[in-house]
Amino acid sequence: MSGDEDDWLALKPREPSPSQCCGSGCRPCIYDVYEKALARWERAKAEQDKSLLAEKEEQSNNSELNPDTFTAFSISSVEQLTEDTYQYKFELPGNSSLRLSLGQHIVLRGVVNGLEVQRAYTPISPGNAEGYFEVLIKSGCSFSGLSVASLLPARLFCSSAREGRTGRCSLASSRRLRLFFHAHLFSLTCYEAGLMSQYIKTWKKGDMVFWRGPFGGFPYRPNKYGELLMLASGTGLAPMLPILQSITEDEEDETFVTLVGCFRSFGNIYLKPLLQELARYWNIRIFYILSQESSLEKLPWSYQENTYTGRLNEDLMKTIINSCRRKPFVLICGSSAFNQDMSRYLKSAGLEENSSFVF
């Protein structure tokens, strides 16, 4: 093989491994990015013009968030919120902003022992925050908001791959994936969480971390819904916060909000001061469901009235819905099992399928 041919092969984009797909249905998916880069490489090789590959390098050096390529952002602070959850603040150049729409997520890339893994997170800072963005990250073996893509065949995730070519992620569309997911949920998510946790635990102030996006989002408009019922499990609280803050900061928005946060214990509730502040608004109610608490007596008195022990079940869901001041539109974010349970409870309570949105 000639030296020139070796040079071209060295420049050829590498096909992503399944671990590089976060499984969140991003558009473009990492496989779409690969196909675009491969097409550019094939064109450059056909024309024997390596300058056509410069676009990739220019995008990689861009200081702004980009859905196609990963951009490095510096960690400016780290705050531990609970025994296994941290709030990370990232610096943006100048007074720039991510300009996120409500509920949009971004994708983190990490490399552990040579294996690249990616996961999606929703910033908890306002989408128009200037000079920074903040992310809530839980470490350890937990499946709330995790991707199982790193350990499953890519054909289960990508709709066009099932047609014989690599393509865009379509997590919810594969019945085979759902069956595989339920059969292997615990071991897969623990392994995936362990890999990313190893990477995240090395972070310290000043480190550069790679992100791309934004993706997804909830198309919210002020006063579009009479009441929003937010059902969040653990770090599923993240996409709810920017929406809540948007409502409370808009004097013209009179939407009622009932937030139901599901946590293991009182000590595992994230961002208590912020949630307490939001609950002071006339149109905001916040309930807590604590699965591992057996009694409310040891809780601060200000929490006892709006806290339940046990799990959010069908009967409690009906009670909460009946207490809503207007017919609610429901937002759901948590593990796959949590999301499915909530959807089933809502259906049992008589809510139409088009009356909910799952992040």
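**Q** In this structure, what is going on with helix α9 (residues 314-323)? I would like to understand it.
**A** Since the α-helix turns once every 3.6 residues, residues separated by three or four places project in the same direction. Every buried residue belonging to α9 is among Leu 316, Met 317, Ile 320 and Ile 321, and all of these are buried. The buried residues of α9 occupy one face: seen down the axis, they fall within an arc of 135°. Along α9, the residues that are exposed and aim more than 90 degrees away from the buried face are Asp 315 and Asn 322. Buried positions along α9 lie against β7 (227-233), β8 (256-263), β9 (284-290), β10 (307-309), β11 (328-333) and α10 (336-348). Its side-chain oxygen 3.3 Å from the backbone nitrogen of Asp 315, Asn 313 forms the N-cap of α9.

**Q** Honestly, the packing of aromatic side chains in this entry has me stumped. Any pointers?
**A** Any aromatic ring pair is given by two values, namely how distant the centres are and how the planes are angled relative to each other. Evaluation of the coordinates by the stated rule reveals 21 aromatic pairs. Note on Phe 90 and Trp 203: the rings are 5.9 Å apart at their centroids and 85° apart in plane angle, and the pair reads as edge-to-face. Of the two residues, Phe 90 is situated in strand β2 (residues 85-91) and Trp 203 in the loop between α5 (175-200) and β6 (208-216); the sequence distance between them amounts to 113 residues. The buried category is assigned to Phe 90, whose relative accessible area is 0%. For the pair Phe 218 and Phe 357, a centre-to-centre distance of 5.1 Å together with 55° between the ring planes defines the contact as tilted. Here the residue Phe 218 occupies a position in the loop between β6 and β7, and Phe 357 occupies one in strand β12 (residues 356-358), the gap between them amounting to 139 residues. By relative accessible area, Phe 218 is classed as buried at 4%.

**Q** What should I look at first to understand the sheet that holds β10 in this one?
**A** Whenever strands of a sheet pair, they do so through backbone hydrogen bonds, lying parallel or antiparallel. Strand order in the open sheet made by the 6 strands is β10-β9-β8-β7-β11-β12, with parallel pairing throughout. Single-partner strands in this sheet number two, and they are β10 and β12. Across this sheet, the average inter-strand angle for adjacent strands is 15°, counted without regard to direction. Examined bridge by bridge, β9 and β10 share 3 bridges and lie parallel to one another. The residue bridging Tyr 288 from the neighbouring strand is Thr 307, located in β10. Contacts between helix α6 (residues 240-249) and the sheet are confined to β7, β8, β9 and β11, with β7 contributing the most and set at about 150° to the helix.

**Q** What should I look at first to understand the pairing of strand β4 (residues 115-121) in this one?
**A** Working note: regular strand, side chains alternate between the two faces of the sheet. By the criterion of burial, β4 is predominantly enclosed, with 6 of the 7 residues buried. Where strand β3 (residues 104-112) meets β4, 7 bridges bridge the pair, whose relative direction is antiparallel. Residue pairing in the sheet places Gly 110 in a bridge with Val 117 of β4. Following β3, the chain reverses through 2 residues before pairing antiparallel with β4; Asn 113 in that reversal takes a positive phi of roughly 50°.

**Q** Please clarify how the nonpolar core should be interpreted in this entry.
**A** Generally speaking, a soluble globular protein has its nonpolar side chains buried in company with each other. Membership of the largest hydrophobic core comes to 34 residues, with the highest contact counts inside it found for Leu 228, Met 230 and Leu 259. Contributions of two or more residues to this core are made by β7, α6, β8, α7 (272-279), β9 and β11. The element that contributes the greatest number of residues to this core is α6, accounting for 5 residues. Those residues in contact with Leu 259, other than ones at most four positions away along the chain, are Met 230, Ala 232, Leu 237, Met 240, Leu 244, Leu 275, Arg 285, Ile 286 and Phe 287. By size, the runner-up hydrophobic cluster in this structure holds 23 residues, among which are Leu 65, Leu 100, Ile 106 and Leu 195.

**Q** Hey, could you run me through the sheet that holds strand β5 (residues 132-138) in this one?
**A** Pairing is antiparallel across the open sheet formed by 6 strands, whose spatial order is β4-β3-β6-β1-β2-β5. This sheet does not close on itself; its edge strands, each paired only once, are β4 and β5. Each strand of the sheet is rotated relative to its neighbour by a mean of 40°, with strand direction disregarded.

Quick notes on the rules
Residues numbered from 1 in each chain as written. Predicted model: local features only at pLDDT ≥ 70, side-chain atom pairs only at ≥ 80, totals over all residues. Heavy atoms only, no water. Buried < 20%, exposed > 50% of the residue type's maximum accessible area, 1.4 Å probe, protein only. Helix = DSSP H or I, 4+ residues; strand = E, 2+ residues; numbered from the N terminus. Arc of directions from axis to C-beta. Contact = heavy atoms within 4.5 Å. Polar contact = N/O pair within 3.5 Å; in protein donor to acceptor, adjacent residues only side chain to side chain. Phe/Tyr/Trp six-rings, centres within 6.5 Å; stacked < 30°, edge-to-face > 60°. Pairing = 2+ DSSP bridges. Axes fitted to C-alpha atoms, helices over the stretch in contact; angles between N-to-C directions. Core = buried A, V, L, I, M, F, W, Y, C linked by side-chain atoms within 4.5 Å.

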